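Structure at a glance
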Amino acid sequence: MNLPAAARPPRNYLNASYSLHTWLFTLDHKRIAILYLLTITFFFVIGGVAATIVRLELMTPAGDLVESETYNKLFTIHGITMIFFFLIPSIPTVLGNFLVPLMLGARDLAFPRLNLLSYYLFAFGGLLTLWAILAGGVDTGWTFYTPYSSTYSNTYVMTTAVGVFITGFSSILTGLNFIVTTHMMRAPGQTWFRLPLFIWSMYATSLIMVLATPVVTLAILLVGLERLFGIGIFDPALGGDPLLFQHLFWFYSHPAVYIMILPAMGVVSELVACFSRRRPFGYAFIGFSSFAIAVLSFLVWGHHMFVSGQSPYAGLVFSMLSFLVAIPSAVKVFNWTATLYKASISYNTPMLYALGFIGLFTVGGLTGLFLATLAIDRHVHDTYFIVAHFHYIMVGGTVMAYLGGIHFWWPKMTGRMYPEGWARFSAVLIFAGFNLTFFPQFILGYLGMPRRYHVYPEEWQVLNVMSSAGASILAFGYFFPITYLTWSLWYGAPAPPNPFGHTGLEWQTPSPPPTYNFDRVPIVEEEAYNFDPDDTQRKAREEQELPVG
Amino acid sequence: MRHPTDNLYYLVFAALMVLLLLTVGVSRYELGAWSLPVAAGIASVKAVLILLYFMHVRYSRPLIWLVAGAGFFWLAILFGLTLSDYLTRDWPALPH
Amino acid sequence: MAEHSRALAHHFENLEQQRDAGELGMWLFLTTEIMFFGGLFLAYCVFRAWYPAEFVAGSETMDVTLGTINTAVLLTSSLSMALAVRAAGQSQRRRLVALLVATTLLGVVFLGIKSYEYHHKYEEGLIPFGGFPFAYDTGRRAGLVTFLNLYFLMTGLHAFHMVVGIFMLLALAVLAWRGGLLGERSLPVHNIGLYWHFVDLVWVYLFPFFYLIAVRSGGH
């Protein structure tokens, strides 16, 4: 439509140019974040479809919907797409890419071309894996254990392995970019202890991405070489050790779960601070705990191998270290709780997600302590107890925080407000659906139902039906944000620079920001989270006539 | 930032060649279980020379020291904890 | 800064920040390479502990003379690379080009010798994978098979890294010949130098681990 000059939206990173060429070859970290957003949502849907079929099958004790080989492929595809192509990239590549330069007061990441390369590596790896799925699938489980994956499986292991191999480089380059940017491109006055806690989390996550990913890259390469050429490092018949694969695989894959949760914790710190109107309690402790988690996460991988044939003495060491890694996570939960105590809390949608995170992550984390206990793990390993444990953390934790972050920064990223009513409804629906899906799985696992099986004894059907019913509510719940967020792009209220009244440099720019972020490099003179409880926030809200708490 | 001179590079190179001859020479002797640690030890001296001088770590800022050190530290974690499995597999069984 | 050098990218404030960022990025990349190769060295340690006698047997099939020459070649190439980085920093164009070419040639010599060694292994029936004729019973010589597997894996991956390095050096040589990469634009030389030294560093460990396990009284 033809608006008069004064009413036309100012030039920002979205409308700077519309051609496909400028999007596909962009060097702007914000546009790259949007590219990632679209791509990971696509993979989330694929992973979700796989999960839907799994839960449908599990409504009846008999294997009557799909064959066992197909079932194996379904949970494998669900795991691979969700972990490698949704969860691991999610917050770092969407929110991290968008926000890290803005929060630091920089014009872009240190290496914009590497950033674009990261995206294309990710997309290409994902396409290869998608091809493997469409061509017939993989049935090794997302864990690729040898010798099944290296010798015996007849499915598209190679293609999938190459896809994941390539995507690993995307992860490494993103982490590298974030670390260099954080060290080298902070605005004047932006000391480490004035940084938002989201940056601390992203930095710690990046450490893991850089140090852990190469090892799984190697493990996958070796599986591929064994499959192709018979170079048998993992094949007992050729003198190899299958457990060596597990060591190399889990050396990455345990820290990988912290790649998935640390950014979520960073988001939660921001949301809790903003909607409590408070500097997070124990800011330095929360920051250091991110580093502690990153370092300790590398010391515990053997807890995935308690019953694999690992030496029980190594098991003892890993068990003890696994108890240790819970401590910094607990520190965060205590600090968020203390931040909330007697604060003036507003229950906006992002805050609902943050509160949901705190509760669900605590449950997931505590059940992790159960699993770190050798004697208990012996019984519940490879049962639904494990499945429930990690879904509480990854879905109840990471996905909730991701949604909370997407809503919170949506006005900044798109220049539009989302519809608050629908958003709150969806958050509650998702929370309810999630718990109905996964809490029964704790019980099922404790009762002994093994994971990765599509048949089970009749007496467990009630719990399985509850879980599947919950999954349908959860799926329905996810459908809402996808819809109304898309709707808001055309019909949402125009967003002001700082709709929620939060601190941080990203809120000093227009919504959406201009391509180069800042006209002049900002100079930071205040401490982080310098909330002024009296004037600023209240005035900001009154101006925008936003609903109060 | 101080830079190494060409002469320093030649010196380091000479040291590396001497260490090469040393490691080949030592391998002619039967060292039993010590052969791996000795070989790794001499290789590590060469590695340190390459790192400090050819790769300029000696003349770099502390952050570079940290990054280089972190790589080897994390490698030590990979080795240490994995070997805690392999080296204890033959130990007597735990009582149960 | 009053004037902006054409070498300065728009998102950096000054050349020093740009250079420091580039150097830090390269070191982080090398850290990933340490972890990558490190996993293979871990495998080596595990299997050497499992098959001590067979690893000695495997090492006896290696040509120590060629291995020593190759190590010397690679160390010399590191010297020429370090000198090249210095030449770039001091804007000595001809010297830079000559040293880059020298480094490349030494790298090619290394790969040539390596290819010869691989071919020799093929002739002796010492490639236990890929359907090549293998001179021994794989079931009974599991340790020897593992030694050879690791030899080809680790030196093969190393050689791959060298090939990539050689291509990058050639590109640098061309750019240097045209007058680029001098003075404030010398960061790529510095960074690829770091990469090249790292590849040399890996070989410094590979050589004794594969060639020098067996006790030999004379030459091979």
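Residues numbered from 1 in each chain as written. Chains lettered and ligands numbered in written order. Predicted model: local features only at pLDDT ≥ 70, side-chain atom pairs only at ≥ 80, totals over all residues. Heavy atoms only, no water.

All right, on to the overall build of chain C then. The number of helices and strands found in chain C is six helices and zero strands. Ordered by position in the sequence, the α and β elements of chain C form the string α-α-α-α-α-α. Counting every position in chain C, which comprises 220 residues, the buried fraction comes to 62%. A separation of at least 24 residues holds for 79% of the contacts in chain C among residues at least 6 apart in sequence. Here chain C displays about 8300 Å² of accessible surface, and carbon together with sulfur accounts for 61% of that area. The average position of the 14 basic charges and that of the 15 acidic charges among the side chains of chain C differ by 7 Å. (Helix = DSSP H or I, 4+ residues; strand = E, 2+ residues; numbered from the N terminus. Buried < 20%, exposed > 50% of the residue type's maximum accessible area, 1.4 Å probe, protein only. Contact = heavy atoms within 4.5 Å. Areas by Shrake-Rupley, 256 points an atom, 1.4 Å probe, with all protein chains shown as cover. Lys, Arg positive; Asp, Glu negative; His and termini not counted. Charge placed at Lys NZ, Arg CZ, Asp CG, Glu CD.)

Taken together, the 45 residues of chain B in the interface contact 48 residues of chain C. Interface of chain B and chain C: buried area, both sides summed, is about 4100 Å²; carbon and sulfur atoms make up 77% of it. At the surface where chain B touches chain C, the tally comes to four salt bridges. Notably, a salt bridge pairs B:Asp6 with C:Arg86, separated by 2.9 Å at the nearest N-O pair. Where chain B meets chain C, there are eight residue pairs in polar contact (both at pLDDT 80 or more). Elements that contribute at least two residues to the side of chain B that touches chain C include exactly α1 (6–26), α2 (35–54) and α3 (62–86) of chain B. The biggest single contributor to the side of chain B that touches chain C is α3(B), with 13 residues. (Buried area = accessible area lost by both parts, 1.4 Å probe. Salt bridge = Lys/Arg side-chain N within 4 Å of Asp/Glu carboxyl O. Polar contact = N/O pair within 3.5 Å; in protein donor to acceptor, adjacent residues only side chain to side chain.)

Here we come to empty space enclosed by the protein. All names here are of chain A. One pass over the full model with this rule turns up four cavities of 30 Å³ or more. If you add up the space inside the largest cavity, you get close to 160 Å³. When residues of the lining of the largest cavity are traced back to their parent elements, those giving at least two are α7 (157–184) and α8 (197–229). Examining the composition of the lining of the largest cavity, we find that six residues originate from one element, α7, more than from any other. In terms of residue class, the lining of the largest cavity is built from nine nonpolar, eight polar and no charged. (1 Å grid on protein atoms, 1.4 Å probe; cavity = no way out; pocket = protein on both sides within 12 Å on 5 of 7 lines; lining within 4 Å. Points joined across faces, edges and corners; volume = space filled by probe spheres on them. Nonpolar A, V, L, I, M, F, W, Y, C, P; charged D, E, K, R; others polar.)

Here we take up the interface of chain B and chain A. Listed as interface residues are 16 residues of chain B and, on the opposing side, 22 residues of chain A. With both chains or domains summed, chain B and chain A bury close to 1700 Å², and 75% of this area falls on carbon and sulfur atoms. Looking only at chain B, the three residues that lose the most surface to chain A are B:Trp74, B:Leu81 and B:Leu94, adding up to 35% of its buried area. The tally of links from chain B across to chain A stands at one salt bridge. For A:Asp241, the salt bridge is made with B:Arg89, and the minimal N-O distance between the two is 3.3 Å. Linking chain B with chain A are seven residue pairs in polar contact (both at pLDDT 80 or more). Residue composition of the side of chain B that touches chain A, grouped by class: 10 nonpolar, three polar and three charged.

A separate point is the pattern of salt bridges. Inspection of the entire model under this criterion finds 13 salt bridges over all chains. A salt bridge links C:Arg140 to C:Asp137, with the nearest nitrogen and oxygen atoms 3.6 Å apart. One continuous salt-bridge network, built from bridges that share partners, spans A:Asp241, B:Asp85 and B:Arg89.

Generally speaking, nonpolar side chains in soluble globular proteins are found buried as a group. Ranked by internal contacts, the top residues of the largest apolar core, which has 281 residues, are A:Phe357, C:Trp27, C:Leu96 and C:Phe210. Top element by residues in this core is helix α9 (residues 242–276) of chain A. It accounts for 23 residues. Of all hydrophobic cores here, the second largest spans 16 residues; its members include A:Leu74, A:Ile133, A:Leu444 and A:Met449. (Core = buried A, V, L, I, M, F, W, Y, C linked by side-chain atoms within 4.5 Å.)

A few words on the side chain of A:Gln246. Along the chain, A:Gln246 falls in helix α9. Each residue touching A:Gln246, except ones within four places of it in the same chain, is listed here: A:Tyr145, A:Met305 and A:Ser308.

This part takes up the packing of α9(A) against helix α1 (residues 15–50) of chain C. Geometrically, a packed helix pair is captured by the angle between its two axes and the distance between the axes. Remark: α9(A) packs on α1(C), axes separated minimally by 11 Å, with the N-to-C direction vectors making an angle of 155 degrees. Taken together, the axes of α9(A) and α1(C) are roughly antiparallel relative to one another. Between α9(A) and α1(C) lies a crossing of right-handed hand. The segment α9(A) lies against α1(C), with A:Leu244, A:Leu248 and A:Phe251 engaging C:Met35, C:Gly39, C:Leu42, C:Ala43 and C:Phe47. A class-by-class count of the residues in the contact of α9(A) with α1(C) yields seven nonpolar, one polar and no charged. (Axes fitted to C-alpha atoms, helices over the stretch in contact; angles between N-to-C directions. Parallel < 35°, antiparallel > 145°, perpendicular 65-115°, else oblique. Left-handed = near helix turned anticlockwise from the far one by under 90°.)

Looking now at the side chain of A:Asn464. Relative to the elements of secondary structure, A:Asn464 occurs in helix α16 (residues 461–491). With residues near it in sequence (within four places) discarded, A:Asn464 still touches A:Arg55, A:Leu58, A:Leu444, A:Met449 and A:Tyr456.

On to the packing of aromatic side chains. One pass over the full model with this rule turns up 80 aromatic pairs over all chains. Ring centres 5.2 Å apart and planes at 70 degrees place the aromatic pair A:Phe476 and A:Phe480 in the edge-to-face group. In this pair, A:Phe476 and A:Phe480 both sit in helix α16, four residues apart, roughly one turn of the helix. We classify A:Phe476 as partly exposed; its relative accessible area is 48%. Overall, the relative accessible area of 14% leaves A:Phe480 in the buried class. Put simply, the rings of C:Phe41, C:Tyr44, C:Phe55, C:Tyr118, C:Phe129, C:Phe147, C:Tyr151, C:Phe152, C:Tyr205, C:Phe209 and C:Phe210 pair up and form one aromatic cluster. Sitting over the ring of C:Trp177, C:Arg93 keeps its end group 5.0 Å from the ring centre. One cation-aromatic arrangement involves C:Arg141 over C:Tyr136; the distance from NZ or CZ to the ring centre is 4.9 Å. (Phe/Tyr/Trp six-rings, centres within 6.5 Å; stacked < 30°, edge-to-face > 60°. Lys NZ or Arg CZ within 6 Å of the ring centre and 35° of its normal.)

Here we come to the environment of A:His379. All names here are of chain A. Looking at the element boundaries, His 379 is found in helix α13 (residues 374–380). Residue classification places His 379 among the exposed positions, given a relative accessible area of 64%. In sequence terms His 379 and Val 180 are 199 residues apart; their C-alpha atoms lie 44 Å from each other.

A word on the environment of B:Leu20. Residue position: B:Leu20 is located in helix α1. Between the C-alpha atom of B:Leu20 and that of B:Ala33, which follows or precedes it by 13 residues, the distance is 21 Å.

All names here are of chain A. A surface patch of nonpolar side chains, about 400 Å² in accessible area, is lined by Leu 20, Leu 24, Phe 25 and Tyr 120. Along the chain, Leu 24 turns up in helix α1 (residues 20–24). When its relative accessible area of 32% is taken as the criterion, Leu 24 is described as partly exposed. (Patch = residues over 30% accessible without salt bridge, like charges linked within 9 Å, V, L, I, M, F, W, Y side chains within 5 Å.)

The predicted model of chain C has a mean per-residue pLDDT of 92, with 96% of residues at 70 or higher. Averaged pLDDT values for the elements of chain C fall to 93 in helix α2 (residues 52–59) of chain C and rise to 97 in helix α4 (residues 93–123) of chain C. (pLDDT = per-residue confidence, 0-100.)

Turning our attention to the packing of helix α3 (residues 68–87) of chain A against helix α14 (residues 384–414) of chain A. Residues and elements named next belong to chain A. Their axes nearest at 13 Å, the elements α3 and α14 cross at an angle of 35 degrees. Of the two elements, α3 crosses α14, and the hand of that crossing is left-handed. Along the contact surface, α3 presents Tyr 71, His 78, Phe 86 and Leu 87, while α14 presents Tyr 384, His 391, Met 394, Thr 398, Val 399 and Tyr 402.

Okay, the environment of A:Tyr384 next. Residue and element names in this part refer to chain A. Relative to the elements of secondary structure, Tyr 384 occurs in helix α14. Placed 59 residues apart in sequence, Tyr 384 and Ile 443 show a C-alpha to C-alpha distance of 8.0 Å. The residues touching Tyr 384, leaving out its near neighbours within four places in the chain, are Arg 55, Leu 58, Tyr 71, Gln 441, Leu 444, Gly 445, Met 449, Pro 450 and Arg 451.

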